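# Coordinate inspection notes
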Amino acid sequence: MAGWKLWTGIPIFVLVFIATSSWGASPSKNASAETNVVLILDPGHGGKDRGGYDGRGFKLDGARIPEDAYTYDIAKRVERLAVLRGWKVVFTAIDGENDAVIDNESGEILPPKKKLVYNSGKRKAAVFAGRDGLLKRLEAAEKIAAGNKGAEKNFISLHFDHANSFLHGAQIFTAEGMARHPFVKILAEEFRKNGLGLKFGPIPRQMVNQRNELVVLAEGTITPRVLVELGNFQNERDRALMFSKEGREKYAEIIAGGIEKYFESRAKIASGKKTKD
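The present account deals with the structure reproduced in this document. (Residues numbered from 1 in each chain as written. Predicted model: local features only at pLDDT ≥ 70, side-chain atom pairs only at ≥ 80, totals over all residues. Heavy atoms only, no water.)

## Examining the overall build of the chain
Each helix and strand in the chain was counted, giving seven helices and 15 strands. Evaluated residue by residue, the chain yields a buried proportion of 52% over its 277 residues. Of the contacts formed within the chain by residues at least 6 apart in sequence, a portion of 79% connects residues at least 24 apart. Carbon and sulfur atoms provide 53% of the accessible area of the chain, an area that totals close to 12900 Å². (Helix = DSSP H or I, 4+ residues; strand = E, 2+ residues; numbered from the N terminus. Buried < 20%, exposed > 50% of the residue type's maximum accessible area, 1.4 Å probe, protein only. Contact = heavy atoms within 4.5 Å. Areas by Shrake-Rupley, 256 points an atom, 1.4 Å probe, with all protein chains shown as cover.)

## Observations regarding the side chain of R77
With respect to the helices and strands, R77 occurs in helix 2 (residues 67-84). Here R77 falls in the buried class, since its relative accessible area comes to 3%. In this structure the side chain of R77 is engaged in a polar contact, spanning 2.6 Å, whose partner is the side chain of D73. (Polar contact = N/O pair within 3.5 Å; in protein donor to acceptor, adjacent residues only side chain to side chain.)

## Concerning the sheet that holds strand 12 (residues 199-200)
The three strands are arranged 10-12-13 in an open sheet whose pairing can be described as antiparallel. Two strands in the sheet have a free side with no partner beyond their single neighbour: strand 10 (167-168) and strand 13 (203-204). Note: strand 12 against strand 13, two bridges, orientation antiparallel. Along strand 13, the bridge assignment pairs F200 with I203. (Pairing = 2+ DSSP bridges.)

## A short note on a nonpolar patch on the surface
A cluster of nonpolar side chains, namely F166, F200 and I203, defines an oily patch on the protein surface of about 310 Å² accessible area. Within the secondary structure, F166 sits in the loop between strand 9 (152-161) and strand 10. (Patch = residues over 30% accessible without salt bridge, like charges linked within 9 Å, V, L, I, M, F, W, Y side chains within 5 Å. Salt bridge = Lys/Arg side-chain N within 4 Å of Asp/Glu carboxyl O.)

## Focus on unusual backbone geometry
The peptide bond linking T223 to P224 adopts the cis configuration, its omega dihedral lying at 0°. Even without being glycine, D61 reaches a positive phi, approximately 50°. With respect to the element layout, D61 can be found in the loop between strand 3 (58-60) and strand 4 (63-65). Here D61 falls in the exposed class, since its relative accessible area comes to 65%.

## Some remarks on the sheet that holds strand 5 (residues 88-91)
Across the sheet, six strands lie side by side as 5-2-9-15-11-14; this open sheet has mixed pairing. Strands at the two margins of the open sheet, each flanked by one partner only, are strand 5 and strand 14 (208-210). Neighbour-to-neighbour, the strand axes of the sheet open up by a mean angle of 25°, direction not taken into account. The pairing of strand 9 with strand 15 (residues 225-232) spans six bridges and is parallel. From the neighbouring strand, I156 faces strand 15, where its bridge partner is V226. Sitting on the sheet, helix 3 (residues 130-146) touches strand 2 (37-43), strand 5 and strand 9, and the angle it makes with strand 2 is about 165°. (Axes fitted to C-alpha atoms, helices over the stretch in contact; angles between N-to-C directions.)

## A short note on the environment of I156
As for its placement among the helices and strands, I156 is situated in strand 9. You can call I156 buried: its relative accessible area is 1%. Sequence separation between I156 and V216 is 60 residues; the distance between their C-alpha atoms is 9.3 Å. Residues within four places of I156 in sequence aside, it is in contact with L39, I40, L41, D42, F183, V226, V228, I255 and I259.

## Focus: the packing of aromatic side chains
On inspection of all chains with the given rule, the structure shows 10 aromatic pairs. Ring geometry for W87 against F263: centres 6.5 Å apart, planes inclined by 65°, an arrangement best described as edge-to-face. With W87 in the loop between helix 2 and strand 5 and F263 in helix 7 (residues 245-276), this pair connects stretches of sequence that are 176 residues apart. Like F263, W87 is buried. With centroids separated by 5.0 Å and ring planes inclined at 50°, the aromatic side chains of Y262 and F263 adopt a geometry described as tilted. Here the two residues Y262 and F263 agree in accessibility, since each one is buried. Sitting above the plane of the F91 ring, K76 keeps its charged end 5.3 Å from the centroid. Note that R211 overlies the ring of F173, its terminal NZ or CZ placed 4.8 Å from the centroid. (Phe/Tyr/Trp six-rings, centres within 6.5 Å; stacked < 30°, edge-to-face > 60°. Lys NZ or Arg CZ within 6 Å of the ring centre and 35° of its normal.)

Here you go:
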């Protein structure tokens, strides 16, 4: 797919990192894992809001890099892995013109998601930025999810951060009272286990934090719900993972694996209770 060229390849340390990390694409064969699941994915930004630090995308070597293109691609990869596990996936916003996973070549930058629309199921209105725009995204997706009576529901909003270049790894933000939710703990551990725990240089940092001011967390109704800053664009390793199809696949597998392990842990607890009874 056509795009801009800004770099010439994946740094060798990133290739080694991906090759040696303990991640895999295959769903667990544990028959007790939950399959009646609705996963609501919010691929951050889109439309006039390209993401980054000012709504115009990240900046690298004088060019703008659209955050929204990468969060959407990762969401599509999560969707594919979720469907393999028998889960239903609902997007807060969709791109009817370019809705496929993009396996870009080395150095090819993904184009922005200009045609993103609310997943309303009816009139396809273009998404817009700000609080009202985010509320529309939530309303559209949660209405669809609500139609799946009795299903377990998870909400995940996907983003990339822009911070000090020494900061690297994932951050997980939760609504009030959700930081200790089992799903949040398991997802954080999946990132750590795969070498993507939050660090400042070599020093581990607090990975899970409460952010009540974030609209998708404060106004959402799905429990559990999280906003994940997958990596820091200013950090070379995180940026290389974002740019590469292998890195984006890695992010997707960590997320899908974390959800699956959460439901497996619940099934084990339920099984233990039945045994005691």
